[in-house]
Amino acid sequence: MKSDIEIAHSIKALPITEIGKQIGLSDSQLIPYGHDKAKIDASSIANMPRQGKLVLVTSINPTPAGEGKTTVTIGLVDAINRLGKSAIGALREPSMGPVFGLKGGATGGGYAQVIPMEDINLHFTGDIHAVSAAHNLLAAVIDNHLHQGNELKIDPDNIYWRRVLDMNDRALRQITLGKGRVNGPERNSGFDITASSEIMAVLTLSKNLFDLKKRLSRIVVALDVQGKPVTVADLKVAGALTAILKDAINPNLVQSLEHSPFIIHGGPFANIAQGTNSVVATDAALKLADFAVTEAGFGSDLGGEKFMDVKVPVLGKEPDAVVIVATVKALKFHGGVALDHLSEKNVDAVRNGLDNLNRHLEAMTHYGKPVVVALNKFLDDDMEEIQLIKNFVEGEKKLQFEIVTSFVDGFEGSLDLAKKIIEATDNQRFFMPLYQADDSIEKKIQTIVEKIYGGKDFELSDRAKKDLAEVKENGWGKLPVVIAKTPNSLTDDSKIHGAPTGFTIHIRRFIPKIGAGFIVAMAGKVLMMPGLGKNPAAEKIDVDENGKISGLS
């Protein structure tokens, strides 16, 4: 079979203005970035009413290679459009960290891709670089403030704001700043990946440019020597940061291989941030089509929960249906099979792995919306194993189930799923939040641990207890909680698979993200700056004498 990049190059993209016309956008409402991608002038559609239904795509806990949520999402959008309805996909922008690290690109695969895949996976329209620039400007301003006399009395040992880079680089996790007599004061700091920046979270939760400025102003960068918060507003640079992001606030329009419209905007990771694309992008899709299909990163224990409890209150619209993506290989993985044996038939392992799927089904059905399971089928999957999964979902759980083959069959491989989704969204059900805004931070964490992860309890380190006291003292205790943990397990230990019970989540510290509007609870050993593996994906990418790129998928 052809590689993803060969398939992408075999189909000619339509001019992006034609894609815009499909969804009712004039040329004047588009800001072209070449012939095949453009930004949508968000201000030009700000007053349009919403008309669409919202579909959320999430998954079970993935294998290291992922479960194909984006491939399923793209195939579903293509199929809905073929059934006579209008659909727009709303996705996150890929970070170059994973692109060159382990997972590779994030533009789908096979015949369910968004294009131009090389541009989207690399620099795209520069949004992530703009976030990096704004974040690092703020970091420079903080250190300059210390150097120039520290009028705000910032406590150098209580500075939250580190620097960022859109790359996996473990060597930068811990660094010393200000070495040299004229460069100080000297202090310890480090780099995080850009996707974890609060500015990325702020960008994706802002409704417009002015809202972006207000949220940036509220960002807490440090505490002063009396333990009081120091904000961007105190440093007087909210305007400068907003100026850097003035174009990045506008969502990006591209197309699938089937020429379906896709809006790709924002890229927060779900293991260390909220894991969803921007409010502006999802809002645009709801205004311009019958169906807006979006996804939440990693499994429903991370991106799915955060979509429901962090994004929905800001968006003001809950999903009309939820798709949970599963694969035979992932179920075997959670059933105890090693990664290098996942292609071998093992019915017992699939049966054991159903516990993980069940946990995710229970987590998402809690919110009261229709749930459909999409089995992303691989060519070597065994039908007996698939039938076992189908019987469990339809028989025991009484939920909708569909096999998806859009990777090899394009839109045709998702038509049956699309029909089920269209039908499911006609059954309006009451949305039930996981917790109430007035619940304490402790109660919110306990609720997530019990109802989403299936655990028993949580415990706080001494540092986390100190952080939590500061959160409460500063009046932030009613904000939503984003638990940052491994995506590979329902626990905070990446080596524990399946669906364990009775476990404890270990919170090592709390980080206030007041601009974004949530509190991050750092659990287990999750890192804000990933590292490269022994054989990173970067080693597979090449460019020939004709300028053709290979290995990027």
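See the structure printed just above.
Residues numbered from 1 in each chain as written. Predicted model: local features only at pLDDT ≥ 70, side-chain atom pairs only at ≥ 80, totals over all residues. Heavy atoms only, no water.

This part takes up the side chain of D155. As for its position among the elements, D155 is in strand 7 (residues 154–159). Of the side chains with opposite charge, K466 comes closest to the buried, unpaired D155, at an N-O distance of 7.0 Å. Every residue in contact with D155, bar those within four places of it in the chain, is listed here: L223, D224 and V225. (Helix = DSSP H or I, 4+ residues; strand = E, 2+ residues; numbered from the N terminus. Buried < 20%, exposed > 50% of the residue type's maximum accessible area, 1.4 Å probe, protein only. Lys, Arg positive; Asp, Glu negative; His and termini not counted. Salt bridge = Lys/Arg side-chain N within 4 Å of Asp/Glu carboxyl O. Contact = heavy atoms within 4.5 Å.)

All right, on to the pattern of salt bridges then. Side chains that differ in charge, positive against negative, can pair when their charged atoms come close. Taken as a whole and judged by the stated rule, the model has 32 salt bridges. R187 is the salt-bridge partner of D143, the closest N and O atoms lying 2.9 Å from each other. Of this pair, D143 sits in helix 6 (residues 127–147) while R187 sits in strand 10 (residues 187–189); the two residues are 44 residues apart in sequence, bridging distant segments of the chain.

Each pocket or cavity is described by its volume, and for the second largest pocket that value is around 750 Å³. If you trace the second largest pocket, you find 31 residues lining it, with Y160, R162, D192, R509 and I511 closest to the centre. Every element with two or more residues in the lining of the second largest pocket is listed here: strand 7, strand 10, strand 11 (191–193) and strand 22 (504–513). Broken down by element, the lining of the second largest pocket gets its largest block of residues, five residues, from strand 22. (1 Å grid on protein atoms, 1.4 Å probe; cavity = no way out; pocket = protein on both sides within 12 Å on 5 of 7 lines; lining within 4 Å. Points joined across faces, edges and corners; volume = space filled by probe spheres on them.)

Here three strands make up an open sheet; going across it, the order is 7-12-13 and the pairing antiparallel. Only two strands of the sheet have a single partner each, and these edge strands are strand 7 and strand 13 (229–231). Here the average twist between neighbouring strands, direction ignored, is 50°. As defined by bridge partners, strand 12 (residues 220–224) adjoins strand 13 across three bridges and the pair is classed as antiparallel. Opposite L223, over in strand 13, you have P229 as the bridge partner. Where helix 6 meets the sheet, its contacts fall on strand 7 and strand 12, and the angle it forms with strand 7 comes to roughly 130°. (Pairing = 2+ DSSP bridges. Axes fitted to C-alpha atoms, helices over the stretch in contact; angles between N-to-C directions.)

Let's shift gears to the packing of aromatic side chains. The full count for this structure, using the stated rule, is one aromatic pair. Look at Y367 and F431: their rings are 6.0 Å apart centre to centre, the planes differ by 15°, and that puts the pair in the stacked class. Highlighted residues: Y367 in the loop between helix 14 (347–365) and strand 18 (371–376) and F431 in the loop between helix 17 (415–425) and helix 18 (441–453), separated in sequence by 64 residues. In this pair, the class of Y367 matches that of F431, namely buried. Over the face of the ring belonging to Y453 we find K485, whose NZ or CZ atom lies 4.9 Å from the ring centre. (Phe/Tyr/Trp six-rings, centres within 6.5 Å; stacked < 30°, edge-to-face > 60°. Lys NZ or Arg CZ within 6 Å of the ring centre and 35° of its normal.)

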